[in-house]
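One-letter residues, chain by chain:
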Amino acid sequence: MSVKGWIVHLPSPSYSTPSRCASCLGPKETEIKVQATSKSGNIRTTLTMSFPYCTACAQRAAKERVRGLLVFLGAMMIGGACALAFAFANVFVELPIREIVAAILAIPAAIGLALVTRPPLPAAPATARGDAIFLRSTSGDVLCTNEAFAQSLAQANRTGARPGSKWMTTESWAPFAVLLGGGMAIAGFAYWAPGSMLQLPREHDYSSTPGAYSPPPHATPAPTPLRPRR
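In this report, the structure presented in the accompanying data block is examined. (Residues numbered from 1 in each chain as written. Predicted model: local features only at pLDDT ≥ 70, side-chain atom pairs only at ≥ 80, totals over all residues. Heavy atoms only, no water.)

Pairing between the strands of a sheet is mediated by backbone hydrogen bonds and can be parallel or antiparallel. Taken in spatial order, the four strands line up as 4-5-1-6 in an open sheet, and their pairing is antiparallel. Every other strand in the sheet has two partners, leaving strand 4 (133–135) and strand 6 (161–166) as the edge strands with one partner each. When the angles between neighbouring strand axes are averaged without regard to direction, this sheet yields 35°. Relative to strand 6, strand 1 (residues 3–9) runs antiparallel, the two being bridged by six bridges. Each residue of the ladder has a partner; that of Lys4, found in strand 6, is Ser165. (Pairing = 2+ DSSP bridges. Helix = DSSP H or I, 4+ residues; strand = E, 2+ residues; numbered from the N terminus. Axes fitted to C-alpha atoms, helices over the stretch in contact; angles between N-to-C directions.)

In structure tokens form, the structure reads like this:
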């Protein structure tokens, strides 16, 4: 579930890009901006870079971003639904154990949602389902999915390209979305649910139920009256 490619270090903010699509190497028709943010103490640094795309590859990248957002929200809903279902199933198991079981069942379902909705790889020479360039850090490291574009980019900036990968994809984010949605659902459940819902059920005491049959107490013999002496 990772994205493999080639890493190129670019000097920022001054850098050069080839005039062809980063995915299919076609003529440049538009640009896509990518950002990376880092924080050191109270100082937050954001780097924005633009890279060339053709119209078709740019549209495919935009659709993939929308899919990523929808999968994330869907995974949150799956996590929340499973968490609440197991929370209301007040059986003879502690609530934390029930929620662990819910997460174990929800995570594969969310990953399955991400895999089912993932589009196939585009026809060659395009190399990316979505974005073909990923900004890895505020120092200017970018990951290119197209090796030929990576070499051209490196040559234009007098640097080199080396193999690399990106692990945080839509499929990788799905389990985190499940845990986030489940955690939010359980927090709401713990806040709004009656106290009795947070305790394990106990055996019912029928003697305290109005109208319920209560067995008679055991009979005790009456005391024998004393006879006066003559």
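Turning our attention to the packing of helix 1 (residues 55–88) against helix 4 (residues 170–192). One can describe the packing of helix 1 onto helix 4 by two numbers: an axis separation of 7 Å at closest approach and a directional angle of 40°. By the criterion of interaxial angle, the relationship of helix 1 to helix 4 is oblique. Viewed along their axes, helix 1 and helix 4 form a crossing whose handedness is right-handed. Of the residues assigned to the contact of helix 1 with helix 4, the class counts are 17 nonpolar, six polar and three charged. (Parallel < 35°, antiparallel > 145°, perpendicular 65-115°, else oblique. Left-handed = near helix turned anticlockwise from the far one by under 90°. Nonpolar A, V, L, I, M, F, W, Y, C, P; charged D, E, K, R; others polar.)

Where helix 3 (residues 147–156) is concerned, the buried positions are Phe149, Ala150, Ser152, Leu153 and Ala154. You can read the cap of helix 3 off the contacts: a side-chain oxygen lies 2.9 Å from the backbone nitrogen of Ala148, and it is on Asn146. Downstream of helix 3 by a residue or two, Arg158 has a phi angle that is positive, lying close to 55°. (Buried < 20%, exposed > 50% of the residue type's maximum accessible area, 1.4 Å probe, protein only. Polar contact = N/O pair within 3.5 Å; in protein donor to acceptor, adjacent residues only side chain to side chain.)

The biggest cluster of nonpolar side chains holds 27 residues, and the ones touching the most others in it are Phe51, Tyr53 and Val142. Broken down by secondary-structure element, the contributors of at least two residues to this core are strand 2 (30–40), strand 3 (43–53), helix 1, strand 4, strand 5 (141–144) and helix 3. Listed in part, the seven residues of the second largest apolar core include Ala110, Ala174, Ala177 and Val178. (Core = buried A, V, L, I, M, F, W, Y, C linked by side-chain atoms within 4.5 Å.)

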